[in-house]
Amino acid sequence: MSKPIIGFIGLGLMGRNMVENLQNKGFEPIVMDLNKEAVAAVVQRGAIEATSAAELAAACDIIMLCLTTSAVVEKVVYADDGILAGIKEGAVLIDFGTSIPASTRKIGADLAKKGAGMVDAPLGRTPAHAKDGLLNIMAAGDQATFDKVKPILDMQGENIFYLGALGAGHTTKLINNFMGMTTVTAMSQAFAVADQAGVDRQQLFDIMSTGPSNSPFMGFCKKYAVDGVSDLGFSIANANKDLGYFLEMVKDLGTRAQIAEGTSANLQAAVDAGMGNGNVPEIFDYFLTLEK
């Protein structure tokens, strides 16, 4: 697959920057998104707009998805004019979103019946990294399929991690986000409790940051709770969605994750309080509203 034809569905901030990176490297992707302004921006740089996912899939060697939820991915795949209806033998679907592993494996099995492959490849880092091809990519799928698309993944990521069987990428991403969002939630509450207890938040940070609790996540939490700057770039609503997926995955494994249940409950409460669009460290404000 020396220079494959690439299709890209999902032109949010991350997706449109990934497309720009591909365009900067000589590709002319076929694209789709409900946001026509986003489509127009990449078309102006040489992309081609498809009228349906089936049309896009039929024309492409690699179909890339950067969508918001597993439900949206399944809709794009299984609709009458969806990817499954148009995908050709030998093509590969890459899901860059954060999805439920069981859903990923189901889609992969259905694609295999048509002779097509799938790689789940959730992302780490930011849209700025996407534009420069410097993402972290957690990829999984059968080895031959992964090897087929790895040269293209190398154009989009600085660090490509191959994790094994299909679904392992999404599993790892959900575990990663469980750890990260639980850390941010706990640290944000720590700053809120300090405030309610009359402890200076800056002093609390000075103390915690000299020990093993220090981390980039603490820096994000301190920036908001102490400095009033919110720049993590990941919303409470997205974190809430991912924790829900993590709990669904854990349930599928026949076990339970009580710490994740606590994180999820707090994120959901913040969403219910109208804070879902804020970055995750802004959950500090929710904790400040709790009665002493």
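Summary of the structure given here. Once a new chain begins, its residue numbering starts again from 1 and follows that chain's sequence as written. Totals for whole chains, interfaces and linings use every residue, but because this is a predicted model, local features are given only for residues with pLDDT of at least 70 and side-chain atom pairs only at 80 or more, for both listing and counting. Only hydrogens and water are set aside when side-chain values are computed; all heavy atoms of the structure are taken into account.

1. Concerning the nonpolar core
The condition is simple: Only buried residues count toward a nonpolar core, which is a set of Ala, Val, Leu, Ile, Met, Phe, Trp, Tyr and Cys residues joined through side-chain atoms within 4.5 Å. Note on classification: 1.4 Å probe, protein chains only; a residue is buried when its accessible area is under 20% of the maximum for its type, exposed when over 50%, partly exposed between these limits. Secondary structure is summarised from DSSP: a helix means a run of H or I of at least four residues, a strand means a run of E of at least two, and numbering begins at the N terminus for each.
Counting residues in each nonpolar core, the largest one holds 33 residues, and the members touching the most others are Phe191, Phe246 and Ile283. Counting only elements with at least two residues in this core, the list comes to helix H9 (168-197), helix H10 (201-208), helix H11 (216-225), helix H12 (236-252), helix H13 (258-272) and helix H14 (283-289). Per-element tally for this core: the top contributor is H9, with eight residues. Grouped together as the second largest cluster of nonpolar side chains are 31 residues, Ala38, Met64, Val92 and Ile152 included.

2. Structural notes on the sheet that holds strand E6 (residues 117-120)
Under the convention used in this document: Here, strands pair whenever DSSP counts at least two bridges between them.
Across the sheet, six strands lie side by side as E3-E2-E1-E4-E5-E6; this open sheet has parallel pairing. Each edge of the open sheet is held by one strand with a lone partner, namely strand E3 (48-49) and E6. Strand direction decides the pairing type here: strand E2 (residues 30-32) and E3, joined by two bridges, are parallel. Note on E3: the bridge partner recorded for Ile30 is Ile48.

3. Regarding the sheet that holds strand E8 (residues 135-139)
Strand order in the open sheet made by the three strands is E7-E8-E9, with mixed pairing throughout. A strand with exactly one partner marks an edge of an open sheet, and here the two such strands are strand E7 (123-124) and strand E9 (157-162). In terms of strand pairing, E8 meets E9 through five bridges, oriented parallel. The residue of E9 that forms the bridge with Ala139 is Tyr162.

4. Focus: the packing of H9 against H12
The condition is simple: As a rule, the C-alpha atoms of each element are fitted with a line to give its axis, helices using only the stretch in contact, and angles between N-to-C directions run from 0 to 180 degrees. Geometric relationships in this document are graded by angle, where less than 35 degrees denotes roughly parallel, more than 145 denotes roughly antiparallel, 65 to 115 denotes roughly perpendicular, and other angles denote oblique. Note on convention: the crossing is left-handed when the near helix lies turned anticlockwise from the far helix by less than a right angle, right-handed when the turn is clockwise. Any two residues whose heavy atoms approach within 4.5 Å are treated as being in contact.
Orientation of H9 relative to H12, taken along the N-to-C sense of each, is 120°, at an axis distance of 9 Å. Here H9 lies oblique to H12, going by the angle between them. Relative to H12, H9 is oriented so that their crossing is left-handed. Of the residues in H12, those in contact with Thr171, Leu174, Ile175, Asn177, Phe178 and Met181 of H9 are Ala239, Asp242, Leu243, Tyr245, Phe246 and Met249.

5. Brief notes about the side chain of Thr104
Along the polypeptide, Thr104 turns up in helix H6 (residues 101-112). Each residue touching Thr104, except ones within four places of it in the same chain, is listed here: Ser99, Met118, Asp120, Leu166, Gly167 and His170.

6. Observations regarding the pattern of salt bridges
Note the following rule: When a carboxyl oxygen of Asp or Glu lies within 4 Å of a side-chain nitrogen of Lys or Arg, that pair is called a salt bridge.
Summed over all chains, the structure comprises 13 salt bridges. Two residues, Asp195 and Arg201, come together in a salt bridge whose shortest N-O distance is 2.8 Å. Taking the shortest distance from any N to any O, the salt bridge between Lys223 and Asp231 comes out at 3.0 Å. Taking relative accessible area as the criterion, Lys223 reaches 33% and is therefore assigned partly exposed.

7. Examining the pairing of strand E4 (residues 62-65)
The side-chain alternation of E4 yields two buried faces, one formed by Ile62 and Met64 and the other by Ile63 and Leu65. Where strand E1 (residues 6-9) and E4 come together, four bridges link them in parallel fashion. Note that in E4 the partner of Ile6 across the bridge is Ile62.

8. Considerations on unusual backbone geometry
With a phi close to 85°, Arg125 is a non-glycine residue in the positive phi region. With respect to the element layout, Arg125 can be found in the loop between E7 and helix H7 (127-131).

Everything listed is a geometric property; what it means functionally is a separate question.
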